[in-house]
Amino acid sequence: MSFFSELFSILPTQIAALAMLAVCVLALLVGRRLERWLAVATVAAWVLSAAVQSPDPVGVQWGIFAVDLVYLAILVGLCTVERRVWILFMTAFQLLVVLTHVAFMIDRSLMQWSFFSTYYLWSDAELIAFAVGVIQAGWGRWKARKA
(Lines give C-alpha, C1' and ligand atoms only; values in the text may rest on other atoms or scores of the structure.)
Protein backbone atom coordinates (compact mmCIF):
# COMPACT_ATOMS: atom_id res chain seq x y z
CA MET A 1 0.00 0.00 0.00
CA SER A 2 2.92 2.34 0.57
CA PHE A 3 3.70 2.16 -3.15
CA PHE A 4 0.34 3.71 -4.01
CA SER A 5 1.00 6.54 -1.56
CA GLU A 6 4.43 7.07 -3.19
CA LEU A 7 2.73 7.12 -6.57
CA PHE A 8 0.74 10.18 -5.53
CA SER A 9 3.61 11.95 -3.80
CA ILE A 10 4.34 14.40 -6.64
CA LEU A 11 2.00 16.97 -8.12
CA PRO A 12 2.19 15.90 -11.81
CA THR A 13 1.02 12.35 -11.01
CA GLN A 14 -1.73 13.71 -8.77
CA ILE A 15 -2.97 16.00 -11.54
CA ALA A 16 -2.74 13.27 -14.18
CA ALA A 17 -4.62 10.80 -11.98
CA LEU A 18 -7.38 13.32 -11.26
CA ALA A 19 -7.67 14.25 -14.95
CA MET A 20 -7.82 10.58 -15.95
CA LEU A 21 -10.48 9.85 -13.34
CA ALA A 22 -12.49 12.93 -14.37
CA VAL A 23 -12.46 11.94 -18.05
CA CYS A 24 -13.39 8.34 -17.21
CA VAL A 25 -16.23 9.35 -14.87
CA LEU A 26 -17.52 11.72 -17.55
CA ALA A 27 -17.26 8.89 -20.10
CA LEU A 28 -19.34 6.66 -17.83
CA LEU A 29 -21.95 9.40 -17.40
CA VAL A 30 -22.34 10.79 -20.92
CA GLY A 31 -20.48 8.41 -23.20
CA ARG A 32 -21.75 5.83 -25.62
CA ARG A 33 -20.97 2.17 -25.11
CA LEU A 34 -17.50 2.65 -26.65
CA GLU A 35 -16.55 5.45 -24.26
CA ARG A 36 -17.94 3.60 -21.23
CA TRP A 37 -16.00 0.40 -22.00
CA LEU A 38 -12.89 2.41 -22.73
CA ALA A 39 -13.24 4.23 -19.40
CA VAL A 40 -13.27 0.89 -17.58
CA ALA A 41 -10.28 -0.37 -19.60
CA THR A 42 -8.37 2.88 -18.97
CA VAL A 43 -8.87 2.79 -15.21
CA ALA A 44 -8.01 -0.92 -15.13
CA ALA A 45 -4.81 -0.33 -17.13
CA TRP A 46 -3.84 2.56 -14.88
CA VAL A 47 -4.41 0.58 -11.66
CA LEU A 48 -2.61 -2.48 -13.06
CA SER A 49 0.32 -0.34 -14.21
CA ALA A 50 0.63 1.17 -10.76
CA ALA A 51 0.41 -2.27 -9.14
CA VAL A 52 3.11 -3.87 -11.30
CA GLN A 53 5.53 -0.94 -11.41
CA SER A 54 8.98 -2.04 -10.35
CA PRO A 55 10.62 -0.05 -7.57
CA ASP A 56 13.95 -0.42 -9.42
CA PRO A 57 14.77 3.14 -10.56
CA VAL A 58 16.96 2.03 -13.47
CA GLY A 59 15.35 -1.22 -14.61
CA VAL A 60 12.96 -1.94 -17.43
CA GLN A 61 9.34 -1.73 -16.34
CA TRP A 62 8.32 -5.14 -17.70
CA GLY A 63 4.99 -5.23 -15.89
CA ILE A 64 3.92 -1.83 -17.19
CA PHE A 65 5.13 -2.83 -20.65
CA ALA A 66 2.86 -5.90 -20.57
CA VAL A 67 -0.13 -3.85 -19.42
CA ASP A 68 0.55 -1.24 -22.11
CA LEU A 69 0.76 -3.94 -24.80
CA VAL A 70 -2.60 -5.39 -23.78
CA TYR A 71 -4.13 -1.91 -23.68
CA LEU A 72 -2.71 -1.22 -27.15
CA ALA A 73 -4.24 -4.47 -28.42
CA ILE A 74 -7.63 -3.39 -27.03
CA LEU A 75 -7.35 -0.02 -28.77
CA VAL A 76 -6.27 -1.58 -32.06
CA GLY A 77 -9.23 -3.94 -31.81
CA LEU A 78 -11.57 -1.00 -31.24
CA CYS A 79 -10.09 0.80 -34.25
CA THR A 80 -11.09 -2.12 -36.44
CA VAL A 81 -14.77 -1.71 -35.55
CA GLU A 82 -15.07 2.00 -34.75
CA ARG A 83 -14.68 4.82 -37.24
CA ARG A 84 -14.06 7.72 -34.92
CA VAL A 85 -10.96 9.83 -35.47
CA TRP A 86 -10.25 10.39 -31.78
CA ILE A 87 -9.79 6.67 -31.14
CA LEU A 88 -7.22 6.54 -33.95
CA PHE A 89 -5.28 9.29 -32.19
CA MET A 90 -5.66 7.54 -28.87
CA THR A 91 -4.30 4.33 -30.39
CA ALA A 92 -1.42 6.18 -32.05
CA PHE A 93 -0.43 7.76 -28.73
CA GLN A 94 -0.63 4.37 -26.99
CA LEU A 95 1.64 2.96 -29.69
CA LEU A 96 4.11 5.74 -28.86
CA VAL A 97 3.85 4.74 -25.18
CA VAL A 98 4.77 1.17 -26.12
CA LEU A 99 7.59 2.37 -28.38
CA THR A 100 8.93 4.41 -25.47
CA HIS A 101 9.27 1.15 -23.56
CA VAL A 102 11.02 -0.43 -26.54
CA ALA A 103 13.43 2.49 -26.88
CA PHE A 104 14.39 2.16 -23.23
CA MET A 105 14.87 -1.60 -23.64
CA ILE A 106 17.14 -1.07 -26.63
CA ASP A 107 19.18 1.76 -25.15
CA ARG A 108 19.44 1.39 -21.40
CA SER A 109 21.65 4.48 -21.25
CA LEU A 110 18.46 6.55 -21.43
CA MET A 111 17.77 7.89 -18.01
CA GLN A 112 14.69 6.56 -16.24
CA TRP A 113 13.41 10.10 -15.66
CA SER A 114 13.44 10.74 -19.42
CA PHE A 115 11.60 7.46 -19.95
CA PHE A 116 8.82 8.46 -17.55
CA SER A 117 8.71 12.04 -18.85
CA THR A 118 8.13 10.77 -22.37
CA TYR A 119 5.75 8.09 -21.10
CA TYR A 120 3.65 10.72 -19.34
CA LEU A 121 3.73 13.04 -22.36
CA TRP A 122 2.20 10.37 -24.63
CA SER A 123 -0.20 9.24 -21.90
CA ASP A 124 -1.44 12.80 -21.44
CA ALA A 125 -1.89 13.21 -25.20
CA GLU A 126 -3.83 9.95 -25.22
CA LEU A 127 -6.04 11.22 -22.40
CA ILE A 128 -6.74 14.41 -24.35
CA ALA A 129 -7.83 12.34 -27.37
CA PHE A 130 -10.14 10.34 -25.09
CA ALA A 131 -11.54 13.56 -23.61
CA VAL A 132 -12.32 14.80 -27.13
CA GLY A 133 -14.23 11.58 -27.79
CA VAL A 134 -16.17 11.88 -24.54
CA ILE A 135 -17.04 15.51 -25.29
CA GLN A 136 -18.21 14.54 -28.79
CA ALA A 137 -20.35 11.74 -27.36
CA GLY A 138 -21.88 14.05 -24.74
CA TRP A 139 -22.49 16.77 -27.30
CA GLY A 140 -24.15 14.26 -29.63
CA ARG A 141 -26.44 13.02 -26.88
CA TRP A 142 -27.32 16.57 -25.86
CA LYS A 143 -28.15 17.54 -29.46
CA ALA A 144 -30.27 14.39 -29.87
CA ARG A 145 -32.30 15.28 -26.78
CA LYS A 146 -32.83 18.85 -28.01
CA ALA A 147 -34.10 17.68 -31.41
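Quick look at the structure, then. (Residues numbered from 1 in each chain as written. Predicted model: local features only at pLDDT ≥ 70, side-chain atom pairs only at ≥ 80, totals over all residues. Heavy atoms only, no water.)

A word on helix α3 (residues 33-52)
With 20 residues, α3 extends 28 Å from end C-alpha to end C-alpha; this agrees with the ideal 28 Å at 1.5 Å per step. Listed in full, the buried residues belonging to α3 are Leu34, Glu35, Leu38, Ala39, Ala41, Thr42, Ala45, Ser49 and Ala50. (Helix = DSSP H or I, 4+ residues; strand = E, 2+ residues; numbered from the N terminus. Expected span 1.5 Å × (residues − 1). Buried < 20%, exposed > 50% of the residue type's maximum accessible area, 1.4 Å probe, protein only.)

Here we look at the nonpolar core
Residues Leu38, Tyr71, Trp86, Ile87, Met90 and Phe130 are the most contacted members of the largest nonpolar core, which totals 21 residues. Of all the secondary structure elements, the ones that give two or more residues to this core are α2 (11-30), α3, α4 (62-81), α5 (85-106) and α6 (112-146). Excluding residues within four positions of it along the chain, Phe130 makes contact with Val23, Cys24, Ala27, Glu35, Leu38, Ala39, Thr42, Trp86 and Met90. Membership of the second largest hydrophobic core comes to seven residues, among which are Phe104, Phe115, Phe116 and Tyr119. (Core = buried A, V, L, I, M, F, W, Y, C linked by side-chain atoms within 4.5 Å. Contact = heavy atoms within 4.5 Å.)

What to know about the pattern of salt bridges
Applying the stated rule across the entire model yields two salt bridges. With a closest N to O distance of 2.7 Å, Arg32 and Glu35 form a salt bridge. Among the ionic pairs, Glu82 bridges to Arg84, the shortest N-O distance being 2.2 Å. On the accessibility criterion, Glu82 (21% relative accessible area) is partly exposed. (Salt bridge = Lys/Arg side-chain N within 4 Å of Asp/Glu carboxyl O.)

Some remarks on the packing of α3 against α5
The angle between the axes and the distance between the axes are what describe a pair of packed helices. At their nearest, the axes of α3 and α5 sit 13 Å apart, and the two run at 15 degrees to each other. Of the possible angle classes, the one that applies to α3 and α5 is roughly parallel. Handedness of the crossing formed by α3 with α5: left-handed. Along the contact surface, α3 presents Leu34, Glu35, Leu38 and Thr42, while α5 presents Trp86, Ile87 and Met90. A class-by-class count of the residues in the contact of α3 with α5 yields five nonpolar, one polar and one charged. (Axes fitted to C-alpha atoms, helices over the stretch in contact; angles between N-to-C directions. Parallel < 35°, antiparallel > 145°, perpendicular 65-115°, else oblique. Left-handed = near helix turned anticlockwise from the far one by under 90°. Nonpolar A, V, L, I, M, F, W, Y, C, P; charged D, E, K, R; others polar.)

Description of a positive patch on the surface
Side chains of Arg33, Arg36, Arg141 and Arg145 sit close together on the surface and give a patch of like positive charge. Looking at where Arg141 falls in the secondary structure, it is placed in helix α6. Looking at Arg141, the relative accessible area reads 34%, which means it is partly exposed. (Patch = residues over 30% accessible without salt bridge, like charges linked within 9 Å, V, L, I, M, F, W, Y side chains within 5 Å. Areas by Shrake-Rupley, 256 points an atom, 1.4 Å probe, with all protein chains shown as cover. Lys, Arg positive; Asp, Glu negative; His and termini not counted. Charge placed at Lys NZ, Arg CZ, Asp CG, Glu CD.)

Description of the packing of aromatic side chains
Enumeration according to the criterion identifies six aromatic pairs in this entry. Geometrically, the ring pair formed by Tyr119 and Tyr120 is edge-to-face, given 5.9 Å between the ring centres and 80 degrees between the ring planes. (Phe/Tyr/Trp six-rings, centres within 6.5 Å; stacked < 30°, edge-to-face > 60°.)

Some thoughts on the environment of Arg145
Mapping Arg145 onto the fold places it in helix α6. Residue classification places Arg145 among the exposed positions, given a relative accessible area of 66%. For the pair formed by Arg145 and Val70, sequence separation is 75 residues and the distance between their alpha carbons is 36 Å.

Let's talk about empty space enclosed by the protein
Taken as a whole, this structure holds one cavity of 30 Å³ or more when the rule is applied. Empty space within the largest cavity amounts to approximately 500 Å³. Taken together, 25 residues form the lining of the largest cavity, with Met20, Trp46, Tyr119, Tyr120 and Ser123 sitting closest to its centre. Mapped onto the lining of the largest cavity, the elements with two or more residues apiece are α2, α3, α4, α5 and α6. It is α6 that contributes the most residues to the lining of the largest cavity, eight residues altogether. Class assignment for the residues of the lining of the largest cavity results in 16 nonpolar, six polar and three charged. (1 Å grid on protein atoms, 1.4 Å probe; cavity = no way out; pocket = protein on both sides within 12 Å on 5 of 7 lines; lining within 4 Å. Points joined across faces, edges and corners; volume = space filled by probe spheres on them.)

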